[in-house]
Amino acid sequence: MNSVVSRLPLVALVVSALALSQEPLTVVDPEDRFIPLDNESEDRDPWAMMRDMSQFPEREPGLIPTGRLWAPGVKSFFGLPIALTPEDLKAAEVDVAIMGAPIDMGYGFRGAGKGPDALRAGIIGLDSSNSGNLPHMHVGVAWKRSLVAVDYGNSPIDYLSTERSMPPVRKMVREIAEVGTIPVIIGGDHSLEYPNVAAITDVYGKENVGVIHFDAHFDAGTPEGGHLISHGQPIRRLVEDGHIAGKNYIQVGLRGYWPGEEGFEWMREHELRYHTMAEIERDGWDVVMDRVMNEALDGPEYLYISFDIDVLDPAFMPGTGTPESGGLLPREVFPLLRNLCSENKMVGFDVVELNPLVDPGYTTVLNTHRLLQECLTGIAMRKEGITERGYHNPLTVEDDRPDPE
Ligand SMILES: [Mn+2]
């Protein structure tokens, strides 16, 4: 039985006994505006809320299917089998573990926490379990034929606190990366980038990993209202806490009105590299895409990709918390993502800020679903030995068609 539930009557008894016998129990100083967190509570760590597995038969480590039919009755990411432990990942030699991290307090607006389940459910007319079985038309690789991929379930989180949700997410991402599997984290809001990347540097070493960050926004904001983490601050935390060297941080797609001058100066001072929509407007996407690829391969030994879906134009990603006009097109982003994920040094990937509650017409779920597959296709390409930048399938591009007799 859940330990919190079972303890509640006891807690109520103790509290009422104290109320009768002593001064009224106050946890808040009447002069103080804040209620402190109780850091002594036994269940403050969401990992304490584990299911009692003794009621299930023992099993050998490995993959768990989601049903007996081709189209599974139990929903998982892309209809993939389930894995629950690092032992499962090791036993099945899993290449990629996709996990959900349903956090949405980081921007004070609920909905992004529903992102993982929206992707698992697929959309009307799109059965996600069929995706990946046929070759990607541009490169001729079917990711499900090459990769062992699983749904690793959701991270435990504290639904009442962003701050307290950071350590359990970090622990779960770390346990995937530690066995050599690539973690793919589905958010959730962008506060997640902090525990995700910290977990990756726990495994691969501080300042040994570079980050490619797709986003309309700066996300290196200063603390707000005393909060040191929110969906607007993960970069500042990662750089100032020494996880990522500024010069190995590459931003793509900045636009709108954030940051202002101070933010750009902070990025210059810490040697971050950035590619704004202004640069793309001036130089064109192909040129900038090439610069990003060159920078990604210049420096750190490993690479992490953090993808805020609002980097794409709201025409394609309306279902997100902070849409920003004038963004990238799927047609521009997909080849870059495929190329980045096909690099051997890419060791982790997150997709954040999908909010299905404000997604009319399932557009955002559709495009997010596809961008995830662009990365999975890239990972499959490297496993198949296709490493040429900008590779295309000779069968499907016109200039490779043989001349008529
Ligand atoms: Mn963001």
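Concerning the overall build of the chain
Counting its secondary structure elements, the chain contains 12 helices and 8 strands. Here the chain, with 405 residues, has 45% of them falling under the buried criterion. Across the chain, contacts joining residues at least 24 apart in sequence account for 76% of those joining residues at least 6 apart.

Observations concerning the nonpolar core
Within the largest apolar cluster, 94 residues are counted, with the highest numbers of intra-cluster contacts made by Val96, Ala97, Ile98, Ile212, Leu303 and Leu376. The element best represented in this core is helix α12 (residues 363-383), accounting for 8 residues. When sequence neighbours within four positions are dropped, the list of residues in contact with Ile98 reads Phe77, Ala149, Asp151, Tyr152, Val184 and Ile186.

Here we look at the environment of Glu269
Relative to the helices and strands, Glu269 is located in helix α8 (residues 261-269). With 9 C-beta atoms counted inside 10 Å, the residue Glu269 sits in the exposed group. When the C-alpha atoms of Glu269 and Gly246 are compared, they prove to be 8.8 Å apart, with 23 residues separating the residues in sequence.

A word on unusual backbone geometry
Following Gly187, the chain continues to Gly188 via a peptide bond in cis, the omega torsion being 10°. Here Gly188 is to be found in the loop between β3 (182-187) and α6 (193-204). Put simply, Trp258 and Pro259 share a cis peptide bond, and its omega is 15°. When you line up the elements, Pro259 lands in the loop between β5 (249-254) and α8. Here the phi dihedral of Glu93 falls at roughly 50°; this positive angle occurs in a residue that is not glycine.

Focus: the pairing of strand β7 (residues 302-308)
In terms of burial, β7 is largely enclosed, as 7 of its 7 residues are buried. Relative to strand β8 (residues 346-352), β7 is paired through 6 bridges, and the arrangement is parallel. Within β8, the residue paired with Phe307 across the bridge is Val351. Each parallel crossover has a hand, and for β7 linked through helix α11 (residues 330-341) to β8 it is right-handed.

Some thoughts on helix α10 (residues 285-296)
The end-to-end C-alpha distance of α10 is 16 Å, a good match for the 16 Å that 12 residues give at a rise of 1.5 Å each. Considered for burial, the residues of α10 that qualify are Val288, Met289 and Ala296. Across the axial projection of α10, the buried residues extend over an arc of 105°, all falling on one side. Opposite the buried face of α10, by more than 90 degrees, sit the exposed residues Asp286, Val287 and Asn294. Residues of α10 that are buried in the fold lie against β4 (209-214), β5, β6 (273-276), α9 (277-283), β7 and α11.

Description of the packing of helix α5 (residues 162-178) against α6
Two numbers describe how α5 lies on α6: the axes approach to 8 Å, and their chain directions differ by 40°. When the axes of α5 and α6 are compared, the pair comes out oblique. For the pair α5 and α6, the crossing hand works out as right-handed. In contact with Met166, Val169, Arg170, Val173, Arg174, Ala177 and Glu178 of α5, α6 contributes Tyr194, Pro195, Asn196, Ala198, Ala199, Ile200, Asp202 and Val203. Residues of the contact of α5 with α6, tallied by class, amount to 10 nonpolar, 1 polar and 4 charged.

Side note on the sheet that holds β4
In space, the 8 strands of this open sheet follow the order β2-β1-β3-β8-β7-β4-β5-β6, with parallel pairing throughout. If you trace the sheet from one side to the other, it starts and ends with β2 (149-154) and β6, each paired once. Each neighbouring strand pair of the sheet contributes to a mean axis angle of 15°, computed without reference to strand direction. In this sheet, β6 lies alongside β5 in parallel orientation, the contact comprising 4 bridges. Each residue of the ladder has a partner; that of Leu254, found in β6, is Thr276.

Digging into the packing of α11 against α12
In helix packing, the relevant descriptors are the interaxial angle and the interaxial distance, both defined with respect to the helix axes. For the pair α11 and α12, the least separation of the axes is 6 Å and the interaxial angle reads 30°. Compared by their axis directions, α11 and α12 come out roughly parallel. In the packing of α11 onto α12, the handedness of the crossing is right-handed. On α12, the residues that touch Pro330, Val333, Phe334, Leu337, Arg338, Asn339, Leu340 and Cys341 of α11 are Asn367, Arg370, Leu371, Glu374, Cys375, Thr377, Gly378 and Ile379. Classifying every residue of the contact of α11 with α12 gives 9 nonpolar, 4 polar and 3 charged.

Concerning α12
With 21 residues, α12 extends 31 Å from end C-alpha to end C-alpha; this agrees with the ideal 30 Å at 1.5 Å per step. Taken across its 21 residues, α12 has 16 buried, putting it largely inside the fold. Where α12 ends, the next residue or the one after it, Gly385, has phi of about 85°, a positive value.

Cut-offs applied
Residues numbered from 1 in each chain as written. Predicted model: local features only at pLDDT ≥ 70, side-chain atom pairs only at ≥ 80, totals over all residues. Helix = DSSP H or I, 4+ residues; strand = E, 2+ residues; numbered from the N terminus. Buried ≥ 20, exposed ≤ 12 C-beta atoms within 10 Å, placed from the backbone. Contact = placed C-beta atoms within 7 Å. Core = buried A, V, L, I, M, F, W, Y, C linked by C-beta atoms within 7 Å. Pairing = 2+ DSSP bridges. Right-handed = clockwise from strand over helix to strand, strands pointing away. Expected span 1.5 Å × (residues − 1). Arc of directions from axis to C-beta. Axes fitted to C-alpha atoms, helices over the stretch in contact; angles between N-to-C directions. Parallel < 35°, antiparallel > 145°, perpendicular 65-115°, else oblique. Left-handed = near helix turned anticlockwise from the far one by under 90°. Nonpolar A, V, L, I, M, F, W, Y, C, P; charged D, E, K, R; others polar.

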